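# Architecture at a glance
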Amino acid sequence: MQGGAQGQQYGGYMGQPQPTPEAAGTPDYGQRGPMGMSGYAAQPPPQFARGAPPGPPTAGPVPGAVHGSMQQQPQEQLHFKALPIAGGRSTADSMFPRFKLEDHHDEDVVQSVGSPGPHPIKPCSSNFIRLSHGAIPSNSNIARQWSVPIGVVVHPMAPSDWEIPVVDFNHMGKKVIRCTKCRTYINPFFTFTDGGHRMVCNVCKTPNVVPPEYFCALDQNGVRHDHARRPELNSCTIELVAPPEYMNRPCQDPAYLFALDVSAHAVRSGMLKAACAALREHVNALPGGDRTLFGLLTYDSTVHFYNLSPKLSTAKMMVCPEITFELNAAEVENVELPFNEGLLVPLRQSKDLIEDLLDRIPRLWENNKSLETCFGPALCAGAKILGPIGGKLVMVLSEMPSFGVGRLHNRDDKKLYGTDKEKTLLQPQDEWYRKKATACSEDQVCIDVFLGGQQYMDTATISQLPKVTGGQMHFYRGFSVDRGDDQRMQHDMARLMTRETGFEAVMRLRTAVGLKITNFFGNFHLRGKDLLALPNIDEDKAFGFEVALQPNTMLNGNTACFQTALLYTHVSGQRRIRVHTVNVPVTSSMPQMYRLVDWPCMWAVMLRNAIEQAAAEGLTQARSAILDKLVAMLKNYRSCLPASQDAKTLILPDSMQLLPLLLCAAFKNPVLRCNTEGVDPDERAAHHMRAMTTPVAASLRFHCPAIYDVIATLEEGTPQLLSVNGRETLSPTKILLIDNSWQHLFWIGRRVAPQHLDAVFGVESSEDAKEVVAENIQNQALWDLLRHLESPKTSWQFPTTTIIRAGVSPLERLMLRGLIEDELASTVSYSNFLGQLHRLILA
């Protein structure tokens, strides 16, 4: 039996070369059988490691470009894992596909093909744009057989380890170089002909006349002589300085307006104090320098305005009850603001006055008795202040809006849980919030909300504000200082104020001719058919797309291009276009399509689709739809194999081994879990909001928590990840860290040695364990791990730390729900799920 090619890529992940049975000194158990398959019937599965960040690409033919029918091509090797199934469950527990340590790290993966010429190019990082398919089906018949749309996750402002080159064409007559037909921006895959006088677009193949100012002669290889000096020709990620024609108005100054809830609920919970502390500490870090504008409102049953003019020695407050009494939406919109100057001021000029006010607000309202919150009127006031220039409106709310326009009523009904009508709890209560958000989007106002109610808040309705305006929702169920929610809120608000942010943005994804975008996921307002309006864009926002071949289509050429263009205002006041370009091979080989699946991206897009379906049609339908997609893919894969395959084995392609585990985990997660266990609709809606904008790596960590052996981590000096995610890992002598990207759960066994408790918690008895002891030489490996897990690049939300004592802590029951391989009341175990999946594939 012959081994397949070593070092093959699996969905962007480089498979480590596997030793032949002879070299390994072990018997041949069927590995590398017919068509290069791997039965792995009696030995562990192969280990896959994330590919290293791409180095300089080499010139040469496009890798993996295959055309024609499968019968016309040499049969490509298929690599898979076969799991024996008996009695409706998988019997090979030790062989289950499971996460490894490298799967929890957001490493770059290579997806784009190399340069079309002899010169190397810098490919686009998968952190910016990532495809679920490393190869695109060449025609609609292959795409129909594949049955799953192409998924794309775009993270346009993702943090980068290298400086993105800025290209300014304004010296050439205030224009940018792009295709005159399809409007694709120039990129390394444009080719030049006619001695350099024409450039051929890599998307629509149209020859364009090169502007005289941009002309350069070609060398003997058809490459411009100035290629090495042109970032737009050797880097797939660039920023173009936009000419004046890309501006509807002069670039506006960065503006931030904060509206704080000062009702009795906000005071008692500590939410007001936490918000003021975060603002006080980080207000001077707001981006924009001398250009930054700042404003502040507070509200309970009325809205309180503050004059922050630098001409004053102290801030002056004015209350406007007339905008909160029984006025309708139109009347509130037309109410005059109490004063025109001082509501939005240059931050640095009023710095001392603002800091003094933030110090005084918690004391000023500490005895407030008002229980009402006029959230809607405060929102209208903030939008009116920011409307002329646009900016960021941050709303802090401690209870459901109860007074004035936009007030909501409690519609939480446990009788609806687990029924077809449960979906209504995930839909907006009325259209007022969406209409208001749409108006704000048109005024370039982005809304972020911080919610911390003790009771039902209707996050599904309030979430329309950030969803439509490109903002973000932070939710702290039953906000509690004792639980550390104040620290989490301060961190989240600090992140909001310090991250890279762009203003007045629009974004579009362009695809190869013959492809069309069929679905959009994320927080934005859709203008026309494909333009995403984003009043603000920051480095924490990702967007999902589904792309399909148009009916009766055959793609031309060896490659297909995907390009995102983000037009935004930089904090410096410059209008820029951030361009990311990916070029992937086109194929009619079904085996190649399976081999080049990028399972993390595929999962991220499938999840977004399921979330959207859950709110529209119901959780049951969403779970069924995502399961059906996986079954269809695996059934089609099995049809590509020889008919001699044992019907008692579940066949999983190497590139999709972890998708069943992810699906099993999702069915246990609050995002999609059946509501027989009483999942709070506020919590579910908040998780849905987060999932729609979260980058790929954070989504994986949230659905498949990582379990680390803390004691072994300290002894080895490196993170020790446990492969099994179930009760069998809960040894009484261990301390485990369970990380789901927004919580750090420390589980302490009943018989942990005192020296280990002292190293981790600084105590000798588990009863006294309250927090992780300060960093020292003894526990440095643990603190290194915690810092990595707290990175906003891979976290669902800033994590809080909870100590759980085995058999004692009431939170242990909630922790056990996160053990994704175990059986829960409404879901089966991982082994039984694999058995069910196998039956559906064979049906």
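Here's what I pulled together on the structure shown here. Per chain, the residues get numbers from 1 upward, laid out in the order the sequence is written. The predicted nature of this model means local features are confined to residues of pLDDT at least 70 and side-chain atom pairs, given and counted, to a pLDDT of 80 or more, with totals for whole chains, interfaces and linings taken over all residues. Excluded from the side-chain calculation are hydrogens and water; included are all heavy atoms of the structure.

## Observations concerning the pattern of salt bridges
Rules: What counts as a salt bridge is simple: a side-chain nitrogen of Lys or Arg found within 4 Å of a carboxyl oxygen of Asp or Glu. Secondary structure follows DSSP: runs of H or I at least 4 residues long count as helices, runs of E at least 2 residues long count as strands, and numbering of each begins at the N terminus. With a 1.4 Å probe rolled over the protein chains alone, any residue whose accessible area is under 20% of its type maximum counts as buried; one over 50% counts as exposed, and the rest are partly exposed.
Under the criterion given, the structure shown has 34 salt bridges. Here Glu775 makes a salt bridge to Arg787, at a shortest N to O gap of 2.9 Å. In this pair, Glu775 sits in the loop between α20 (754-761) and α21 (780-789) while Arg787 sits in helix α21, placing the two residues twelve residues apart along the sequence. What makes Arg787 partly exposed here is its relative accessible area of 40%. Salt bridges sharing partners connect three or more residues here, namely Lys392, Asp448, Arg495, Arg499, Asp538, Glu539, Asp540 and Lys541.

## With respect to the nonpolar core
Put simply, the rule is: Definition used in this section: a nonpolar core is a set of buried Ala, Val, Leu, Ile, Met, Phe, Trp, Tyr and Cys residues joined via side-chain atoms within 4.5 Å. Here, two residues are considered to be in contact whenever any of their heavy atoms come within 4.5 Å of each other.
Trp146, Trp603, Met633 and Met656 are the most contacted members of the largest nonpolar core, which has 63 residues in total. Counting residues per element, this core draws most heavily on helix α14 (residues 599-616), at eleven residues. With residues near it in sequence (within four places) discarded, Trp146 still touches His133, Met590, Met593, Tyr594, Val597, Met602 and Met633. Core analysis: the second largest hydrophobic core is formed by 45 residues, Leu297, Trp432, Ala686 and Met689 among them.

## Considering the pairing of strand β19 (residues 391-397)
Counted only if it meets this: Pairing between strands is defined by DSSP: at least two bridges between the two strands are required. Looking down the strands as they point away from the viewer, one classifies a crossover as right-handed if the path from the first strand across the helix to the second runs clockwise.
Taken across its seven residues, β19 has seven buried, putting it largely inside the fold. Pairing geometry for strand β14 (residues 255-261) and β19, over four bridges, is parallel. Looking at β19, one finds that Tyr256 is bridged to Lys392. Sheet topology note: the β19/strand β20 (residues 445-451) ladder contains seven bridges and is parallel. Within the sheet, the bridge partner assigned to Gly391 lies in β20 and is Val445. A crossover connection joins β19 to the parallel β20 through helix α9 (residues 432-442); in handedness this β-α-β unit is right-handed.

## Examining the sheet that holds strand β23 (residues 515-521)
Pairing between the strands of a sheet comes from backbone hydrogen bonds, and it takes one of two forms, parallel or antiparallel. Put simply, the rule reads: The angle between two axes is taken between their N-to-C directions and runs from 0 to 180 degrees, where each axis is a line fitted to C-alpha atoms and a helix contributes only its stretch in contact.
Within the open sheet, the four strands sit side by side as β6-β8-β26-β23. Their pairing is antiparallel. Each having just a single partner strand, β6 (129-131) and β23 make up the two edges of the open sheet. The sheet shows a mean angle of 25° between the axes of neighbouring strands, taken without regard to direction. Pairing between β6 and strand β8 (residues 150-154): three bridges, direction antiparallel. Residue pairing for β8: Leu131 is matched across the bridge by Val152.

## Comments concerning the packing of aromatic side chains
We count it as follows: Under the pairing criterion, centres of Phe, Tyr and Trp rings, with the six-membered ring standing for Trp, must be within 6.5 Å; the plane angle then separates stacked pairs below 30 degrees from edge-to-face pairs above 60, leaving the rest tilted.
Evaluation of the coordinates by the stated rule reveals 14 aromatic pairs. Measuring from ring centre to ring centre gives 6.3 Å for Phe375 and Tyr433, while their planes differ by 25°; the resulting arrangement is stacked. Of the two residues, Phe375 sits in helix α8 (residues 375-386) while Tyr433 sits in helix α9, which places them 58 residues apart along the sequence. Both residues of the pair, Phe375 and Tyr433, count as buried. When the ring of Trp432 is compared with that of Tyr433, the centres are 4.9 Å apart and the planes differ by 90°; the resulting orientation is edge-to-face. Here Trp432 matches Tyr433 in class, with each residue buried.

## Notes on unusual backbone geometry
You will see that Asp194, though not glycine, has its phi angle at about 55°, which is positive. Its location among the elements puts Asp194 in the loop between β10 (191-193) and β11 (198-200). We note that Gln444 has phi near 65°; this positive angle belongs to a residue other than glycine. Inspection of the secondary structure assignment puts Gln444 in the loop between α9 and β20.

## Some thoughts on a nonpolar patch on the surface
The criterion, for reference: Patches in this entry comprise residues that are over 30% relatively accessible and not in a salt bridge; like charges within 9 Å are linked, as are nonpolar side chains (Val, Leu, Ile, Met, Phe, Trp, Tyr) within 5 Å. Residue-level accessible areas treat just the shown protein chains as cover; the underlying method is Shrake-Rupley with a 1.4 Å probe.
A contiguous nonpolar patch, built from Met317, Val319 and Leu364 and spanning about 250 Å² of accessible area, is present on the exposed surface. Inspection of the secondary structure puts Leu364 in helix α7 (residues 351-364).

## Focus: the environment of Gln464
This is how the line gets drawn: Contacts described as polar in this section are N or O atom pairs within 3.5 Å, which, within protein, must combine one atom able to donate a hydrogen with one able to accept it, while residues neighboring in sequence count only if both atoms come from side chains.
When you line up the elements, Gln464 lands in helix α11 (residues 464-469). The buried category is assigned to Gln464, whose relative accessible area is 7%. Setting aside its immediate chain neighbours within four residues, Gln464 contacts Pro428, Tyr433, Arg434 and Ala437. Separated by 2.8 Å, the side chains of Gln464 and Arg434 make a polar contact.

## Examining α14
To keep it simple, the criterion reads: Helix span is expected to be 1.5 Å times the residue number reduced by one.
An ideal rise of 1.5 Å per residue puts 26 Å on 18 residues; α14 measures up with 26 Å between its terminal C-alpha atoms. By the criterion of burial, α14 is predominantly enclosed, with 15 of the 18 residues buried.

## Some thoughts on helix α12 (residues 485-498)
A rise of 1.5 Å per residue sets the reference length of α12, with its 14 residues, at 20 Å; its end C-alpha atoms lie 20 Å apart and thus fit the reference within 8%. Most of α12 sits inside the fold, with ten of its 14 residues counted as buried. Along α12, the residues classified as buried are Asp485, Asp486, Arg488, Met489, Asp492, Met493, Ala494, Arg495, Leu496 and Met497.

The values are spatial; any link to function lies outside them.
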